[in-house]
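# Overview (structure and organization)
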Amino acid sequence: MTSPQSDPASQPPQGHAHGHTHSHGPAAPVSKHLRKVIAAVVIPFATAVVVGLIAFWPGGVPDHERTGVGFDRQTQDGKVVKVVKVDCADVNAAQVPPTGDTSTPSGREAVNEQEGECAKATVEVTSGDDKGRQFVEVVQPDAPRQLREGQGVVVAYAPDAPRDLQYSVTDVNRKIPMTLLAAIFALAVIAVGRLRGVMALVALAVSFAVLTLFILPAILQGSNPLVVAVIGASAIMLAALYMCHGVTARTSVAVIGTLISLLLIGLLGSLFIGWADLSGNTDDNTGLIHGLYPDIDMSGLLLAGVIIGSLGVLDDVTVTQTSAVWELHQADPQMGWRGLYRAGIRIGRDHIASVVNTLVLAYAGAALPLLLLFSIAQSSVGTVANSELVAEEIVRTLVGSIGLVASVPVTTVLAALVVSADRPGAGTSSSTAAAPARTGRGRRRKA
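Now for a description of the structure that goes with this document. (Residues numbered from 1 in each chain as written. Predicted model: local features only at pLDDT ≥ 70, side-chain atom pairs only at ≥ 80, totals over all residues. Heavy atoms only, no water.)

Regarding its fold elements, the protein chain presents 14 helices and five strands. For the protein chain, the residues scored as buried account for 35% of the 447 residues in total. Sequence separation of 24 or more characterises 72% of the internal contacts of the protein chain that already satisfy a separation of 6 or more. (Helix = DSSP H or I, 4+ residues; strand = E, 2+ residues; numbered from the N terminus. Buried < 20%, exposed > 50% of the residue type's maximum accessible area, 1.4 Å probe, protein only. Contact = heavy atoms within 4.5 Å.)

Pasting the structure below:
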């Protein structure tokens, strides 16, 4: 027969209130002594980051004379006002090779363009000093980008060219769909995350501000890319974690775990980028950067990219592990740090397995066209991996993944040590102090 004391329906309101608070309330604060220890680590680190930001603050992007190559061109907005179909031969769109050889891809394309139908587009400049000026752009039938009437485009301006050739279409204007997509993303984050979502968006804006106002200009000014990346990544980490998760001991443990993992990534990246002789200058864009700013350390720039690229996933792992340990402690306050570590590391193994796979697939997806080229050439796996383009991505992926794997035990043991060092009554609430007596284990001992 069930006694009134054991009947859940007859429990006093106070017990129900405690259960609700325990399940849904914030984590109990750690003791005052532990808060001082954590502050003794985090405050000097944050101070060093602020000093670094001040010392290396660039004050803007250095000026240079435009080359008119690639992204280094003057551009304006434009709009296609008219498109007319014409015979390609009438506009001399392409020339057949003098030998008449059509066995090569270029020869076949030239024949197709001579015999095909081209588009003659009239484009109007809609911004800048030449707003309202029109020019003609001929689009060949095999061109990957076809123009249509009313389409917004980006036009490049070459002031030294003859007047009729000063403007040309370089890309499509994608501002409206990109802005709409960003708005949908922001609304989705706010709708699901509410206040946390708003703070996450603010932290994202701060991250972009640090990247565009500090990291990129400082590197262009000639500062050491590795030092700049470490300072900038640390500033982003501090802002993002504390803004999204609050100024708590739990967040501070995640910050310390992230910092240790970033240092490991920096050391491994520096070692293997140097050992593998990776120059960081592997394509037209990096070649253009090196040509405009020859003093930039391109291998250092590669290492900076590894550190910054790893930061976002590191934040996710360290916050998740810290939260898991905290929740385990609240569920069983009598569990020691070894038990908390073993339970937390089991959660971390599942997390790491999925995150590492995500990283590899993300890099493989970004390099898919390059991998297709190697597949077409029937290159062996060893040849592909040995090429600098692919070797860069392999080093970037593996160094970042090692840092992620290391962050799990590091953060878990830090969180377990911190949270298990607390004792009831040492800066915690009375309801938390009474929690052990309400667990099943406490009732069994009483019985």
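Inspection of every chain in the model, using the stated rule, returns one disulfide. In this model C88 forms its disulfide with C118; the gap between the sulfur atoms is 2.0 Å. Measuring handedness by torsion sign, the sulfur bridge of C88 and C118 sits at about 110 degrees and is right-handed. Separated by 30 residues along the polypeptide, C88 in the loop between β1 (74-87) and α3 (105-115) and C118 in strand β2 (residues 117-125) bring together distant segments of the chain. A residue is classified by how much of its surface remains accessible, and C118, at 0% relative accessible area, is buried. (Disulfide = S-S within 2.5 Å.)

Time to look at helix α8 (residues 298-331). With 34 residues, α8 extends 50 Å from end C-alpha to end C-alpha; this agrees with the ideal 50 Å at 1.5 Å per step. At L311, α8 shows its maximal bend, which comes to roughly 35 degrees. (Expected span 1.5 Å × (residues − 1). Bend = angle between axes of the 7 residues up to and from the residue.)

Pairing within the open sheet is antiparallel, and its five strands lie in the order β3-β2-β1-β4-β5. In this open sheet, the two edge strands, each paired with only one partner strand, are β3 (134-139) and β5 (167-172). Between one strand axis and the next, the sheet turns through 45 degrees on average, direction left out of account. By the bridge criterion, five bridges tie strand β4 (residues 152-157) to β5 in an arrangement that is antiparallel. (Pairing = 2+ DSSP bridges. Axes fitted to C-alpha atoms, helices over the stretch in contact; angles between N-to-C directions.)

Another aspect to go through is the packing of aromatic side chains. Per the counting criterion, the structure on display carries four aromatic pairs. Note on W57 and F214: the rings are 5.8 Å apart at their centroids and 25 degrees apart in plane angle, and the pair reads as stacked. Of this pair, W57 sits in the loop between α2 (32-56) and β1 while F214 is found in helix α4 (residues 175-220), placing the two residues 157 residues apart along the sequence. The exposure class of W57 is partly exposed, given its relative accessible area of 47%. The buried category is assigned to F214, whose relative accessible area is 0%. What links up through ring pairs into an aromatic cluster is the set F135, Y157 and Y167. (Phe/Tyr/Trp six-rings, centres within 6.5 Å; stacked < 30°, edge-to-face > 60°.)

So, about a nonpolar patch on the surface. A grouping of I190, L195, V198 and V202 is seen on the molecular surface, where their side chains present a nonpolar patch of about 310 Å² in accessible area. With respect to the helices and strands, the residue I190 is situated in helix α4. Relative accessible area serves as the criterion here: at 35%, I190 is assigned to the partly exposed category. (Patch = residues over 30% accessible without salt bridge, like charges linked within 9 Å, V, L, I, M, F, W, Y side chains within 5 Å. Areas by Shrake-Rupley, 256 points an atom, 1.4 Å probe, with all protein chains shown as cover. Salt bridge = Lys/Arg side-chain N within 4 Å of Asp/Glu carboxyl O.)

So, on to the environment of T286. Looking at the secondary structure, you find T286 in helix α7 (residues 284-292). Separated by 15 residues in sequence, T286 and L301 place their C-alpha atoms 9.8 Å apart. The residues contacting T286, other than those within four sequence positions of it, are G280, N281 and M298.

Phi at R194 takes a positive value of approximately 55 degrees, unusual for a residue other than glycine. Structurally, R194 can be placed in helix α4. Positive phi, close to 55 degrees, is recorded for D277, a residue that is not glycine. Residue placement: D277 occurs in the loop between α6 (249-275) and α7. Among the residues examined, D277 registers a relative accessible area of 64% and is labelled exposed.

Counted under the stated rule, the structure contains six salt bridges. Between R250 and E327 there is a salt bridge, and its shortest N-O distance comes to 3.6 Å. Taken together, the positions of R250 in helix α6 and E327 in helix α8 put the pair 77 residues apart, joining distant regions of the chain. Under the relative-accessibility criterion, E327 is labelled partly exposed at 41%.

Below, the discussion takes up a positive patch on the surface. A contiguous patch of positive charge on the surface is contributed by R338, R342, R346 and R349. Summarising the element assignment, R346 is placed in helix α9 (residues 337-366). (Lys, Arg positive; Asp, Glu negative; His and termini not counted. Charge placed at Lys NZ, Arg CZ, Asp CG, Glu CD.)

None of the figures reported here should be taken as evidence of function without further support.
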